[in-house]
Amino acid sequence: MTQQNIATLQDFLDALDQSPDLQREFHKHLVNVIRNDDDLRQEIRKEILTEELLQLPARFTRLEEDVAEIKQDVVQLSGRVTNLEEVQADILRRVTNLEEGQARLEQGQTRMSGQLSHLMGNDYETKAIEQSRRRVRRHLGSERATLVYASGQNSETFENEILLPAIRQGRIDRRQADQLEEADCIIRCEDEQGNIVCGVVEISMTVQDHDRNRAVERAEIFSRATGYRTLPFVVGQEQEPPASEALDVPFLQFRQ
């Protein structure tokens, strides 16, 4: 640059310092130059910005790409979670169905077990009634024994000949008569001299205290109804040990 050029430039700078209008025009001109010159604009950026700031756009682009990949991974994971939840729901439904099926099976088994027990109990009671007649007779040392009443059989004769006369004569009431009809069997025994002793029998596969108590109560009612000496008996395959306060009732064992 020549001395003349330097002087001219200096004059221009001095004029620029002294004239706001000239400054504005120069700024506009400078902005237009920067806008239209890519190399100049890049050089200015390098002077103004640090290296890290210059790398931000590229880093931001990579960040966007990473975020996009993460979003894709999240979508895939969400799909897998949905599939897992569907599988879990299916397993729960199957388990529920299995539990319901098992419950129905157990209910069916319980009903069958109850029905079987009922049938076995009825069959045992039927056989035990006849055996009770023989066992009571032998226990009392009687010559003969007659079945006066048996549960499940026609009780018309028993009611007409024993219960109704006893009710009408005030020896027992209707409730007590009903209790006698709930007894398993009533037996009339006679010895060689014709002396009569009766037995009221309660039958259970496993005899318990409540069987003993019923036998005693019903034996007392039958004694009042007929005037005959009446004893309680329990018949069963086995018996639970009586409680200390339990009534003493003869146990006659019968096994099928």
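Bear in mind that the values here come from a model prediction, so they are computed numbers and not experimental data. (Residues numbered from 1 in each chain as written. Predicted model: local features only at pLDDT ≥ 70, side-chain atom pairs only at ≥ 80, totals over all residues. Heavy atoms only, no water.)

1. Brief notes about the side chain of Gln131
In plain terms, the rule: Helix and strand assignments come from DSSP, with helices taken as H or I runs of at least 4 residues and strands as E runs of at least 2, each series counted from the N terminus. Pairing of N or O atoms within 3.5 Å defines a polar contact, subject to two protein rules: one partner must be a possible hydrogen donor and the other a possible acceptor, and residues neighboring in sequence count only if both atoms are side-chain atoms.
Structurally, Gln131 can be placed in helix α4 (residues 51-140). Polar side-chain contacts of Gln131 include one of 2.5 Å to the side chain of Arg135.

2. A look at the sheet that holds strand β1 (residues 144-150)
This is how it is decided: Whether two strands pair depends on DSSP finding at least two bridges between them. Only the stretch in contact is used when a helix axis is fitted, and all axes are lines through C-alpha atoms; the angle between N-to-C directions ranges over 0 to 180 degrees. Pairs of residues are marked as contacts when any of their non-hydrogen atoms sit within 4.5 Å.
Read from one edge of the open sheet, 5 strands run β1-β2-β3-β5-β7, paired in mixed fashion. Both outer strands of the open sheet, β1 and β7 (251-253), are each paired with one neighbouring strand and no more. Averaged over all pairs of adjacent strands, the angle between strand axes in this sheet comes to 30 degrees, irrespective of strand direction. In the packing of helix α7 (residues 209-226) onto the sheet, the strands contacted are β2 (185-190), β3 (196-203) and β5 (229-236), and the crossing angle to β5 comes to about 155 degrees.

3. Considerations on the pairing of β2
As a reminder, the rule being used: Only protein chains enter the accessibility calculation, which uses a 1.4 Å probe; a residue whose area is less than 20% of its type maximum is buried, one above 50% is exposed, and one in between is partly exposed.
The buried fraction of β2 is high, at 5 of 6 residues. Relative to β2, β1 is paired through 6 bridges, and the arrangement is antiparallel. Following the sheet pairing, Tyr149 is matched in β2 by Ile186. Bridge count for β2 against β3 is 6 bridges, and the pairing is antiparallel. Looking at the pairing, Arg188 lines up with Cys198 of β3. Linkage of β2 to β3, two consecutive antiparallel strands, is achieved through a turn of 5 residues, within which Gly194 is found at a positive phi near 85 degrees.

4. Examining the packing of helix α5 (residues 156-168) against helix α6 (residues 174-181)
When two helices pack together, their arrangement is captured by the angle between the axes and the distance separating the axes. Applied cut-off: Angle categories: roughly parallel below 35 degrees, roughly antiparallel above 145, roughly perpendicular from 65 to 115, and oblique for all the rest. Helix crossings fall into two classes, left-handed where the near helix is turned counterclockwise from the far one by less than a right angle and right-handed where it is turned clockwise. We call Asp, Glu, Lys and Arg charged. Ala, Val, Leu, Ile, Met, Phe, Trp, Tyr, Cys and Pro are nonpolar, and the rest, Gly among them, are polar.
Between α5 and α6, the shortest axis-to-axis distance is 9 Å and the interhelical angle comes to 150 degrees. Taken together, the axes of α5 and α6 lie roughly antiparallel to each other. The two elements α5 and α6 meet at a crossing, and its hand is right-handed. When α5 is examined against α6, the residues Phe158, Glu159, Leu163, Leu164 and Ile167 are found in contact with a partner set consisting of Arg174, Ala177, Leu180 and Glu181. Taken together, the residues of the contact of α5 with α6 sort by class into 6 nonpolar, no polar and 3 charged.

5. Let's talk about the pattern of salt bridges
How we decide: Take a side-chain nitrogen of Lys or Arg and a carboxyl oxygen of Asp or Glu: if they are within 4 Å of each other, that pair is a salt bridge.
Tallied over the full model, the rule gives 14 salt bridges. Residue Glu202 is joined to Arg214 by a salt bridge in which the shortest nitrogen-to-oxygen separation is 3.5 Å. Pair noted here: Glu202 is in strand β3 and Arg214 is in helix α7, with a separation of 12 residues, a long-range link. A residue is classified by how much of its surface remains accessible, and Glu202, at 3% relative accessible area, is buried. Its relative accessible area of 30% is what places Arg214 among the partly exposed residues. A salt bridge links Asp211 to Arg214; the nearest nitrogen and oxygen atoms lie 2.9 Å apart. Remark: Arg214 and Asp211 occur in helix α7; sequence separation between them is 3 residues, near one turn of the helix. Note on Asp211: relative accessible area 2%, which makes it buried. What you see here is one network of salt bridges that share partners, running through Glu182, Glu202, Asp211, Arg214 and Arg218.

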